[in-house]
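# Examination of the molecular architecture
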Amino acid sequence: GAGVSQSPSNKVTEKGKDVELRCDPISGHTALYWYRQSLGQGLEFLIYFQGNSAPDKSGLPSDRFSAERTGGSVSTLTIQRTQQEDSAVYLCASSLGGSQYFGPGTRLLVL
Amino acid sequence: GEDVEQSLFLSVREGDSSVINCTYTDSSSTYLYWYKQEPGAGLQLLTYIFSNMDMKQDQRLTVLLNKKDKHLSLRIADTQTGDSAIYFCAESPISSGSARQLTFGSGTQLTVLP
């Protein structure tokens, strides 16, 4: 079956621009997570959606970061006024309450 | 807060066994995972273990958990060149109502030499 998909796979942007990253979770998965993987580091939790509950935004590094999940399915992570330190791989994962399954990630480079 | 630690590098010869180690600090950790990340790819779930288990075997993979020492290991038998990748250890808490987000180690780069 289809796994988690993310788009775009790569994104190069200029400092100060806004970017939107998209995640399509596995169909039927109620939980959706965003993580960030910076160069040479592990993964950092950003935000979590579970069904219709209010998202857990405790991992978002600043108010420039926001995310939405429409209709309990597709999610969009938005970074406003991008900074060079935002350059990283942004990974999305979904689950049905158990193991998390990851997408291929979006590689963001802020020049 | 939670902390998960791994050694950064491991090199083995093809056909040998690989053992990747991980330690964690969160005593409430209930789910412990191993993920594999190949170059340019996302994370692939390899296996997981519940904290009430000591061992789990899945084909060439054996996971050992020492809950007392908060030590987790992944053994790969008959390591192949295709096993070369970064292996991440991750844990998540059991608390109901929590996000159960994963806390990851920094990853171990496994290099399999011919």
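We now turn to the structure provided with this report.

Here is what the cut-offs are and how they apply
- Residues numbered from 1 in each chain as written.
- Chains lettered and ligands numbered in written order.
- Predicted model: local features only at pLDDT ≥ 70, side-chain atom pairs only at ≥ 80, totals over all residues.
- Heavy atoms only, no water.
- Contact = heavy atoms within 4.5 Å.
- Buried area = accessible area lost by both parts, 1.4 Å probe.
- Salt bridge = Lys/Arg side-chain N within 4 Å of Asp/Glu carboxyl O.
- Polar contact = N/O pair within 3.5 Å; in protein donor to acceptor, adjacent residues only side chain to side chain.
- Helix = DSSP H or I, 4+ residues; strand = E, 2+ residues; numbered from the N terminus.
- Nonpolar A, V, L, I, M, F, W, Y, C, P; charged D, E, K, R; others polar.
- Pairing = 2+ DSSP bridges.
- Axes fitted to C-alpha atoms, helices over the stretch in contact; angles between N-to-C directions.

## As for the interface of chain A and chain B
Between chain A and chain B, the contact holds 19 residues from the first and 18 residues from the second. The contact between chain A and chain B buries some 1,400 Å² in all, and 53% of this surface belongs to carbon and sulfur atoms. It is L43, S99 and F102 of chain A in chain A that bury the most area against chain B; as a group they hold 30% of the surface buried on that side. For the pair chain A and chain B, the number of links is zero salt bridges. On inspection of chain A and its partner chain B, the count reaches three residue pairs in polar contact (both at pLDDT 80 or more). If you list the elements that add at least two residues to the side of chain A that touches chain B, you get β4 (31–37), β5 (43–50) and β9 (101–102) of chain A. Per-class residue counts for the side of chain A that touches chain B are nine nonpolar, eight polar and two charged.

## Thoughts on unusual backbone geometry
In this chain, S7 of chain A is followed by P8 of chain A through a cis amide linkage whose omega measures -10°. Mapped onto the elements of the fold, P8 of chain A is located in the loop between β1 (5–7) and β2 (10–13). Even without being a glycine, Q59 of chain B presents a positive backbone phi close to 55°. The topology assignment puts Q59 of chain B in the loop between β6 (55–58) and β7 (61–66). Even without a glycine there, the phi angle at K70 of chain B is positive, about 55°. Secondary-structure assignment places K70 of chain B in the loop between β7 and β8 (71–76).

## Looking at the sheet that holds strand β1 (residues 4–6) of chain B
All names here are of chain B. Taken in spatial order, the five strands of this open sheet run β1-β3-β8-β7-β6, and their pairing is antiparallel. Strand pairing shows two members of the sheet lacking a second neighbour, β1 and β6, which therefore form its edges. Across the sheet, the axes of successive neighbouring strands diverge by a mean angle of 15°, strand direction being ignored. Bridge count between strand β3 (residues 18–24) and β8: six bridges; the pairing is antiparallel. Paired with I20 across the bridge in β8 is L74.

Any link to function would need more than the numbers given here.
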